[in-house]
Structure formats: C-alpha cells, structure tokens
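Tertiary structure, described
Below, each chain spelled out in residue letters.
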Amino acid sequence: MSEGVLLSELLVPFSYGYMLKAMWVSALVGGVCAFLSAYLMLKGWSLMGDALAHSIVPGVAAAYIFGAPFAVGAFFTGILAAAGMQFVKLNSRLREDAVIGLVFTTLFALGLLMASIWPTSVSVQTIVLGNILAISDEDVVQVAIISAVSLFVMLLLWKDLMVTFFDESHARSIGLNTRALKVVFFTLLSACTVAALQTVGACLVIAMVVTPGATAYLLTDRFGRLIVISVALGVVTSFVGAYISYFLDGATGGVIVTLQTLLFLVAFYFAPKHGVIAARRRQRVATDEVTT
Amino acid sequence: MTALTQIARAPERTTTPGASISLHHLTVTYPNGFTAVRDASFELDPGTICALVGVNGSGKSTIFKSIMGFVQPSSGEVKLCGLPVEDALKKNVVAYVPQSEDVDWNFPVLVETVVMMGRYGHMNFLRMPSRADRYKVDEALERVGMSAYRKRQIGELSGGQKKRIFLARSLAQEGRIILLDEPFTGIDVKTETAIVGLLRELRAAGHLILVSTHNLGSVPEFCDQVVLINRTVLAAGPTAEVFTQGNLERAFGGVLRNFQLGGPALHQDDDARRITVLTDDERPLVFYGDGDSQRSDKSGA
Ligand SMILES: Nc1ncnc2c1ncn2[C@@H]1O[C@H](COP(=O)(O)OP(=O)(O)OP(=O)(O)O)[C@@H](O)[C@H]1O
Ligand SMILES: [Mg+2]
C-alpha cells in the first residue's frame with residue numbers, strides 16, 4: 001500500500017510535460033558535452049569550455065537587442081572567441097592559459113557592459129544559472145538541432161580528431177587537414193556551450209565539458225571506450241539530475257554537476273587500474289614481495 | 001628482436017615508381033629571423049637510403065620539417081614524387097618519424113592503436129580497419145619486435161621502445177618516402193642492427209629513405225647516398241664519393257674527435273700508413289691510410 005504511494009510519487013515528474021522535456025533535453029546536451037569533454041581534458045583545454053561560456057555573453061546580449069535567436073548571437077561570439085584565442089596564441093609566446101584568460105575576460109566584460117547599458121534586454125541571471133525547467137519550445141528546437149548535428153559530426157570525425165589531437169604531424173602526413181578539423185571541433189564546442197548554457201548556465205558549463213571525460217579517463221586506456229563511458233555518464237547524470245531536481249526544487253545545473261562529481265570521486269578511489277586504492281594495493285603487494 | 005629481420009615476407013612491390021625528393025634552392029628562415037638552411041638543393045631517387053649528416057644545429061630537422069610542409073620555405077621549393085608538398089601529403093606518400101615525438105604520452109591509446117593510425121590514410125573516411133589493415137599492423141609490430149607490447153598504453157614504454165612503435169607506424173603507413181630523424185639515438189646496438197636490416201628490405205622494395213644520424217660509423221654500412229649539411233648542402237651524392245675524410249672534416253670542422261694513429265704509435269716497423277678515427281657519436285668512423293679508402297668499424301663503439 002505505502003509502497004504503491006511511494007512509487008507513484010516517484011513517477012510524478014514523468015507526468016509533467018515540462019519535466020519530461022527538461023529530462024530529455026538535459027540528457028541530449030549532457031551526452032554531446034561529454035563527447036567533447038573526452039578531447040578537451042586531454043589537450044589541457046578544459047578551461048576552454050568555461051572561457052567560451054563566458055565569452056558568449058555579449059553575443060547573447062546583442063541577440064536580445066536585435067531580436068535575433070539567442071543561439072545565433074552566442075554562436076558567433078563563441079567562434080570569435082575561439083578564433084581570437086588561436087590568433088593571440090600563434091602571434092605571441094603567451095601560454096595557452098594566459099591567452100584563454102585574456103580573451104574570455106575581455107568578452108565577458110563587454111557582455112556585462114552591454115547588459116548594464118541596456119538593462120531590460122537580457123537577464124544575466126538566465127545566462128549565468130540556466131533554466132531548463134522553464135525552457136521555451138523554440139529553445140528546445142534550437143538545442144535539439146545543435147546537439148543532433150554535433151553528435152552526427154563527432155561520430156563521423158572522432159578518429160580523425162583523435163589523431164589530430166594525439167599527433168598533429170602524423171595527422172598531416174596522412175593527408176588530414178588538421179586546421180579544418182580543429183575549426184570544426186571548436187565550432188561544435190561553441191555550439192554545444194550555447195546549448196549547455198540553457199540547461200546548466202554559464203558557470204557550470206565547464207563541469208559538463210570536463211567531468212565526464214575526466215571520470216572516463218580514470219577507467220580506461222582506450223580512446224574509443226573513453227568516449228562511450230564519457231557519453232554514458234553525461235547522459236545518465238543529466239537525465240537523473242533533471243529528474244531529482246524536481247523533488248529538491250533546486251537548480252537543475254547544480255544537481256547534474258553534483259552527480260557528475262560524485263561519480264568522479266567513485267572512479268578516483270575505486271577505478272581498477274588508475275584509482276587511488278588500486279595503486280596503493282599494488283604498492284603494498286610490491287613491498288610485500290620484496291620483504292618476504 | 002631476431003624476429004625483426006627473419007620474418008619471411010611476400011615482396012609487395014618490387015618497384016614503387018616515382019618515389020623522389022627534390023629540394024630546389026631551399027631557404028628556410030624561422031620567425032625569429034634565423035636562417036637555418038640557405039640555398040639547399042639535392043635530388044633523391046627511389047630505392048635509395050640516403051644519410052643526412054651534419055653537426056647539431058646544421059639544419060637536419062629543419063630540412064625534414066620543410067619536406068613535411070611544417071615550415072614554409074622563404075624561397076626555393078620542395079617536390080615529392082614531382083608534386084608540391086601539400087598534394088603529396090594528401091596522397092599519403094610520406095611517412096615521417098620525428099626526432100622527438102611531440103605527443104602526450106598520457107593519451108589513452110594503446111600501442112596497437114598508434115600503429116593503426118598509420119593505416120588511416122588507406123581507409124575510408126570512417127576509418128574502419130579492414131582485415132588487411134589489421135594484418136599490416138600485426139606485421140609492422142612484429143617487424144620491430146614489439147608484438148608483446150601491443151596492449152600497453154603508449155606511455156608505459158621505454159624511450160627506445162617508443163621509437164620502435166613510431167617506426168612500426170611508419171611501416172604500416174607504407175609511404176613510398178620514409179623520413180627518419182635520428183632513429184638511432186637512444187637505441188641499443190641490437191635494435192639498431194635490426195632497424196638497419198629493415199631499412200635495407202624497404203630499399204629493396206623500392207622505398208626512398210632519408211635518415212639523419214650522428215653514427216658516422218654505420219653510414220657506409222647501409223647508406224648508398226649521403227647529404228652533408230651545415231646550414232647549406234656541402235656535398236651530396238653516392239657515399240663513396242661524398243663520405244670522405246676531407247668532406248667530413250669540412251662538415252664538422254673541429255667538432256669531430258679525430259685520432260690519428262700512425263708510425264711508432266701503431267707499428268714498430270717503418271710502415272707509413274695511418275689510421276684515422278673520426279667520431280661524432282657512439283660509432284666512430286675509421287679511415288685506413290690517407291682517407292681515400294674507407295671502412296667503418298662494424299663492432300660499434
Ligand atoms: N623554431 C625555431 N625557431 C628558431 N630557430 C630554430 C627553430 N628550430 C630550430 N632553429 C634553429 O635552426 C637551426 C637548425 O636546427 P635543426 O633543428 O634543423 O638542427 P639539427 O641539424 O636537426 O640539429 P640536431 O643534430 O641537434 O638535431 C639551429 O641553429 C636552431 O637553433
Ligand atoms: Mg635535429
């Protein structure tokens with residue numbers, strides 16, 4: 001009897017259209033971001049996602065001012081930021097982190113300036129925190145298109161991107177156009193950052209494009225598997241996170257990222273090869289062998 | 001390692017027509033204004049092993065990089081198989097093993113995956129390996145004696161083992177032109193001998209191999225052509241003509257350790273012949289007499 005009540009309680013979120021929408025949109029975005037995270041964290045570009053998310057703010061503000069779809073503005077500033085970072089990096093001896101910091105703070109400041117000059121034009125709150133529970137149907141369409149296209153392109157190019165990021169000179173020797181591949185990658189990253197903005201907000205985009213890849217990295221030495229694990233983690237945590245946020249009445253982004261971090265910690269300690277506990281055990285076995 | 005040279009292989013292509021490298025008045029200036037190579041020209045034909053020899057900083061790696069199109073010539077041009085570099089690379093004709101691999105050793109790829117990357121240029125755009133591709137990878141790993149390590153993560157290898165993996169990748173790639181930038185540094189003598197055997201097989205199959213090295217002693221052993229450089233081409237041509245004491249002293253200046261043993265130091269009698277030992281690295285080069293006839297020290301240093 002009480003079990004029946006509990007069960008129906010648990011199924012409540014599925015009876016609301018907006019909750020269903022929030023769950024599958026989050027899962028989609030979480031999956032694509034996790035796909036990209038597999039590459040980002042390997043190249044030491046983890047902060048790139050964060051930087052792009054902040055750089056997008058002026059584009060979003062401009063889109064509101066001109067009444068254009070918000071994804072369009074965000075997308076173009078995203079590309080601009082990525083191109084700006086490449087430009088400064090190639091033409092100076094600054095390290096990657098300094099370049100990223102320079103470009104993204106400049107654009108973020110510009111965005112805040114625009115938002116303060118035209119106060120009604122943009123709700124900074126929405127950009128920074130995201131609001132998947134109140135996402136409009138138009139935005140759902142945008143996010144779905146972005147995610148589907150990105151997923152498709154990544155499925156076609158994942159091996160070429162792997163070679164490019166692992167060994168660029170070899171990639172060129174087998175005739176790959178590494179510059180074009182990188183442009184495609186950063187374009188997708190900008191697009192997915194825009195999508196993630198709506199679900200978890202600018203502050204937490206970084207988690208979506210780092211944590212699943214980092215967790216998967218602890219679990220495997222094969223890149224193909226790493227991608228599969230990472231995407232699975234992204235999809236499940238985002239779906240479940242959106243679901244739980246109904247009961248907690250809390251920010252969806254916060255719940256999703258908390259779940260991802262919990263799984264990361266589990267992998268950090270218990271991963272069979274690269275986990276802390278496994279490493280300690282091997283050390284102990286080795287010392288035992290020496291002493292006995 | 002014995003597996004390396006003993007594998008019986010079906011001869012794939014007896015000749016690979018048109019594998020050629022030609023440098024035409026190549027000048028390379030780095031962005032800081034330093035001209036590393038000035039007005040360098042040479043031509044190489046298929047079925048050749050050519051040694052690129054010179055002191056540190058003489059521009060060997062720079063020449064490799066310009067053959068790969070990684071640095072742009074400020075004047076002059078490079079042609080591969082008669083094609084401009086960009087076009088040749090698209091046709092997957094060149095395999096390149098750099099002096100030091102600029103890769104992330106923590107990257108989650110297995111040894112066999114790295115070697116499989118050599119096959120990507122032969123696959124369709126989805127890069128799905130066929131049975132033939134897998135076979136070529138097995139074979140390449142076997143030829144460098146690294147089959148036992150195929151399931152290791154790429155960082156879990158020693159320096160010399162890593163070199164062998166990248167060599168295996170270039171074998172799997174089956175480029176008609178193979179560029180090896182100092183493949184013998186940090187390699188033990190046994191592996192070196194095995195690699196030399198491998199290069200001879202490749203030459204017999206019609207490949208063109210350009211290899212830079214500081215092991216002067218082994219050059220006459222397996223290279224039929226030599227290019228001596230010091231920021232420009234000092235001499236280029238068949239080993240017997242170019243790899244002479246006079247040319248080497250010109251290329252290396254005072255850098256070479258040069259021992260001359262003659263007269264009473266060597267013999268009690270009044271034999272006037274001399275032995276000259278030139279050494280840049282591990283393997284010394286020995287000249288008997290006045291430098292016109294040469295033979296290398298086969299036993300290593
Ligand atoms: N990226 C660069 N920018 C400026 N100068 C460079 C650069 N790379 C190399 N050089 C300079 O060009 C010259 C040739 O360098 P290169 O690497 O071709 O020498 P190398 O013959 O391969 O030497 P080694 O035997 O040490 O490998 C050197 O004097 C070097 O200082
Ligand atoms: Mg060099």
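The sections below set out a description of the structure shown in this document.

All names here are of chain B. Read from one edge to the other, the open sheet built from six strands follows the order S6-S7-S8-S3-S9-S10, with strand pairing classed as mixed. Whereas interior strands pair on both sides, the edge strands pair on one side only; in this sheet they are strand S6 (94-97) and strand S10 (233-238). Between one strand axis and the next, the sheet turns by 10° as a mean value, whatever way the strands run. Bridge count for strand S3 (residues 48-53) against strand S8 (residues 208-212) is five bridges, and the pairing is parallel. Looking across to S8, one finds that Cys-50 is bridged to Leu-210.

Below, the discussion takes up the pairing of S6(B). Residues and elements named next belong to chain B. Burial of S6 is two-sided: the residues Val-94 and Tyr-96 facing one way and the residues Ala-95 and Val-97 facing the other way are all buried. Pairing of S6 with strand S7 (residues 177-181), which is carried by four bridges, proceeds in the parallel orientation. Across the sheet, residue Val-97 finds its bridge partner in S7, namely Leu-180.

With that settled, the discussion passes to unusual backbone geometry. All names here are of chain B. The backbone of His-25 sits at a positive phi, close to 45°, despite the residue not being glycine. Residue Asp-39 is not a glycine yet carries a positive backbone phi of 50°. Position of Asp-39 relative to the elements: it lies in strand S2 (residues 35-44). Given a relative accessible area of 42%, Asp-39 falls into the partly exposed group.

So, about the interface of chain A and chain B. Every contact between the two is made by 24 residues of chain A and, on the other side, 34 residues of chain B. Summed over both partners, the interface of chain A with chain B buries about 2,500 Å², with 61% contributed by carbon and sulfur atoms. Our count for the chain A to chain B interface comes out at three salt bridges. Taking the shortest distance from any N to any O, the salt bridge between Asp167(A) and Arg169(B) comes out at 2.9 Å. Between chain A and chain B we count 12 residue pairs in polar contact (both at pLDDT 80 or more) in total. Contributing elements (two or more residues each) for the side of chain A that touches chain B: helix H8 (137-166), helix H9 (168-173) and helix H13 (223-248) of chain A. Here the side of chain A that touches chain B gets eight residues from one element, more than from any other, and that element is H8(A).

Rules behind the numbers
- Residues numbered from 1 in each chain as written.
- Chains lettered and ligands numbered in written order.
- Predicted model: local features only at pLDDT ≥ 70, side-chain atom pairs only at ≥ 80, totals over all residues.
- Heavy atoms only, no water.
- Pairing = 2+ DSSP bridges.
- Helix = DSSP H or I, 4+ residues; strand = E, 2+ residues; numbered from the N terminus.
- Axes fitted to C-alpha atoms, helices over the stretch in contact; angles between N-to-C directions.
- Buried < 20%, exposed > 50% of the residue type's maximum accessible area, 1.4 Å probe, protein only.
- Contact = heavy atoms within 4.5 Å.
- Buried area = accessible area lost by both parts, 1.4 Å probe.
- Salt bridge = Lys/Arg side-chain N within 4 Å of Asp/Glu carboxyl O.
- Polar contact = N/O pair within 3.5 Å; in protein donor to acceptor, adjacent residues only side chain to side chain.

Don't take any of this as a statement about function, it's just geometry.
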